[in-house]
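Okay, here's what each chain looks like letter by letter:
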Amino acid sequence: MDSILVTGNGALSGQIPIAGAKNACLTLMPAAILSDDPLTLTNAPRLSDIKTMTTLLESLGLEVASLQNGKVLAMSGRGANNLRADYDIVRKMRASILVLGPLLARHGRAEVSLPGGCAIGARPVDLHQRAMEALGAELELRDGYLHASAPNGLKGGIIDFPIVSVGATENALMAATLAKGTTEIRNAAREPEIVDLAHCLRAMGAQISGEGTSTITIQGVDSLGGATHPVVTDRIELGTYMLAPAITGGEVELLGGRRDLLAAFCDKLDEAGVDVTQTNTGLKVKRRSDHIKAVNVTTEPFPGFPTDLQAQMMAMLCTADGESVLEETIFENRFMHAPELNRMGAKIDVQGGTAKVTGVTRLKGAPVMATDLRASVSLILAGLAADGDTKVARVYHLDRGYEKVVTKLRGVGALIERIKGD
Ligand code: EPZ
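For clarity, every value in this text was computed on a predicted model and none was experimentally measured. (Residues numbered from 1 in each chain as written. Predicted model: local features only at pLDDT ≥ 70, side-chain atom pairs only at ≥ 80, totals over all residues. Heavy atoms only, no water.)

Counting its secondary structure elements, the protein chain contains 14 helices and 24 strands. Taken over C-alpha atoms, the radius of gyration comes to 21 Å for the protein chain, in line with the 22 Å a tight globule of 422 residues would show. Each principal axis of the C-alpha distribution contributes one length, and for the protein chain these read about 65 × 45 × 40 Å. The buried share of the protein chain, taken over its 422 residues, is 57%. A fraction of 73% describes how many contacts in the protein chain between residues 6 or more apart in sequence connect residues 24 or more apart. If you sum the accessible surface of the protein chain, you get close to 15900 Å²; carbon and sulfur atoms cover 49% of it. (Helix = DSSP H or I, 4+ residues; strand = E, 2+ residues; numbered from the N terminus. Rg over C-alpha atoms; globule rule 2.2 N^0.38 Å. Buried < 20%, exposed > 50% of the residue type's maximum accessible area, 1.4 Å probe, protein only. Contact = heavy atoms within 4.5 Å. Areas by Shrake-Rupley, 256 points an atom, 1.4 Å probe, with all protein chains shown as cover.)

Taken together, 22 residues sit near the ligand, with D126, L127, S165, D308 and I330 positioned nearest. In the environment of the ligand, an oxygen atom lies 2.6 Å from a nitrogen or oxygen atom belonging to the side chain of D308. Burial of the ligand by the surrounding chains reaches 85%, relative to a free accessible area of 820 Å². Of all the elements in the fold, those that place two or more residues in the shell around the ligand are α1 (22–28), α5 (126–134), α6 (166–176) and α12 (373–385). Among the elements that make up the shell around the ligand, the one with the highest residue count is α5 (three residues). Tallied by class, the residues present in the shell around the ligand amount to 11 nonpolar, five polar and six charged. (Near = heavy atom within 4 Å. Polar contact = N/O pair within 3.5 Å; in protein donor to acceptor, adjacent residues only side chain to side chain. Nonpolar A, V, L, I, M, F, W, Y, C, P; charged D, E, K, R; others polar.)

Moving on to the sheet that holds strand β15 (residues 250–255). A sheet is described by the order of its strands in space; here four strands give the open sequence β2-β15-β17-β16, paired in mixed fashion. This sheet does not close on itself; its edge strands, each paired only once, are β2 (12–17) and β16 (274–278). Averaged over all pairs of adjacent strands, the angle between their axes in this sheet comes to 15°, without regard to strand direction. Alignment of β15 against strand β17 (residues 282–287), held across five bridges, turns out to be antiparallel. Bridging across to β17, L254 finds its partner in L283. (Pairing = 2+ DSSP bridges. Axes fitted to C-alpha atoms, helices over the stretch in contact; angles between N-to-C directions.)

Attention now moves to the domain arrangement of the protein chain. For the protein chain, the assigned domains are domain 1 (3–19 + 233–419) and domain 2 (22–230). Relative placement of domain 1 and domain 2: their C-alpha centres are 31 Å apart. Contacts between the two partners involve 23 residues from domain 1 and, on the opposite side, 20 residues from domain 2. Both sides together, the interface formed by domain 1 and domain 2 hides about 1800 Å², and carbon and sulfur atoms give 50% of it. Considering only the surface of domain 1 that becomes buried against domain 2, F302, R400 and E403 emerge as the three largest contributors, covering 32% of it. (Domains from an automatic or database assignment. Buried area = accessible area lost by both parts, 1.4 Å probe.)

This part is about the side chain of T307. Within the element layout of this structure, T307 appears in the loop between β18 (297–298) and α10 (310–317). Residue class for T307 comes out buried when judged on its relative accessible area of 11%. The residues contacting T307, other than those within four sequence positions of it, are T299, E328, I330, F331 and R334.

This part takes up the nonpolar core. Residues L57, L100, L173 and L201 are the most contacted members of the largest nonpolar core, which totals 79 residues. For this core, the leading source of residues is α6, giving six residues. Contact partners of L173, with chain neighbours within four places excluded, come to I185, I194, L197, A198, L201, I208, I216 and I218. Membership of the second largest hydrophobic core comes to 69 residues, among which are M242, A346, A385 and Y402. (Core = buried A, V, L, I, M, F, W, Y, C linked by side-chain atoms within 4.5 Å.)

Over its 12 residues, helix α7 (residues 192–203) extends 17 Å from the first C-alpha to the last, a length consistent with the 16 Å expected when each residue adds 1.5 Å. Looking only at α7, the buried set comprises P192, E193, I194, D196, L197, A198, C200 and L201. Where α7 terminates, the next one or two residues include G205, which has phi positive at roughly 110°. (Expected span 1.5 Å × (residues − 1).)

Bringing the sheet that holds strand β10 (residues 158–160) into the picture now. With respect to topology, four strands assemble into an open sheet ordered β10-β11-β13-β12, the strand pairing being mixed. Two strands bound the open sheet, and with one partner strand each, they are β10 and β12 (207–209). Recorded for the sheet is a direction-independent mean angle of 15° between the axes of neighbouring strands. With five bridges joining them, strand β11 (residues 182–186) and strand β13 (residues 215–219) adopt antiparallel strand pairing. Among the inter-strand pairings, R186 is bridged to a residue of β13, identified as T215.

With an omega of 10°, the peptide bond between F302 and P303 qualifies as cis. By secondary structure assignment, the location of P303 is in the loop between β18 and α10. Within the chain, R394 stands out as a residue other than glycine whose phi angle is a positive 60°. Within the secondary structure layout, R394 lies in the loop between β23 (389–393) and α13 (396–399).

Moving on: the packing of aromatic side chains. The final tally for this structure, using the stated rule, is two aromatic pairs. Note on Y241 and Y402: the rings are 6.4 Å apart at their centroids and 80° apart in plane angle, and the pair reads as edge-to-face. With Y241 in helix α8 (residues 235–248) and Y402 in the loop between α13 and α14 (405–410), this residue pair connects regions lying 161 residues apart in the sequence. With 5.7 Å between their ring centres and 55° between their planes, F265 and F305 make a pair best called tilted. Placement of the pair is F265 in helix α9 (residues 263–271) and F305 in the loop between β18 and α10, with a sequence separation of 40 residues. Over the face of the ring belonging to Y145 we find R84, whose NZ or CZ atom lies 3.8 Å from the ring centre. (Phe/Tyr/Trp six-rings, centres within 6.5 Å; stacked < 30°, edge-to-face > 60°. Lys NZ or Arg CZ within 6 Å of the ring centre and 35° of its normal.)

Next comes the structure, spelled out in structure tokens:
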């Protein structure tokens, strides 16, 4: 397993290009199932999760051509001849559940393995099931697979989510496009990735209104056509790299960055003493002084502070002036980066869903372990400003969601290299 060695090297400066959003691409790809005409995605990120989704769609019989070194994905749902999403693939990536809605809507049947838990939480799929049942499907859990059927097709209905779920909203939205009649999704997720999916589905001929608000209305159509759609900028990669100059000092411009994708996060950076300026090429980030102020953070569904940036924010707050309190309200076990940061001299006390961070002057480099995607990059961020070397092991977690980390950070002056493992 490869590891990444990063050495504290002072202020960063320069530009970092931001890729297309992993979490948009992972729901846009299954949308290809909904049509026999080609769906082409541009600005696709080059990530192992995208490769896993490609393998899954191909196992269902779809054609997926990866062009221009993976930046373009040309897919066609025409060949779909297998309606079973196998455990061996699904267990590698929870987003596999996003083939459920499209398979049911287009083919009237689906067998999708339950994904199983992951490091950050149990990650149930009951809300996905509830959404499909609200559209008239029958679902049964058997041998670890969700067996779903809608022999007479899906019917429009009211889907009222008790809690906000990004994935369940995406499954419901995709399924409703081909359901007979009108569907209303209440307490829908409002993330930019949902808005991006709605734009793509509309380009394919879907009739959707209200995306980005808590209520989305879909008028089912008989069939969908093809489209070419650019994947929206990855706001989580964007926020991750915005924290690099915030932690080390210096000034970095994130190319393609848009403040509207991360307003709550930018407000928190401002409160901590970090300036974020929108330019016509992206977002410029610069600390106002040598010190970061302690701030309190509570993760929430969009437009609140994103849970996917909690670990990275904690890395910055380890050397802030004073005590910060982070509340993780979305997932039940998303502080596994804390013990690793403590190995670097941080002072973090975790009690259930709350982490208290008491700022220290400097972190010290140390060998640490990546435990999940966002934890792994928070350790790299901490290493950028630590004294000495930090070696982050198990960076396969990183490859799931960040393309070319070493290249991008070296480009702004970081001392960082990837070490081939056994
Ligand atoms: C998406 O996961 C993202 N993944 C996650 O990003 C992100 O952290 C999460 O949304 C929240 O923003 C993708 O888009 C591929 P949820 P998802 O359904 O859809 C509970 C990353 O780092 N829940 O909004 O799985 C669930 O347990 C990943 O890129 C149910 O109870 O998240 C959680 O507590 C990590 N029943 C809460 O809802 C369900 O049926 C929010 O989960 C579904 C979810």
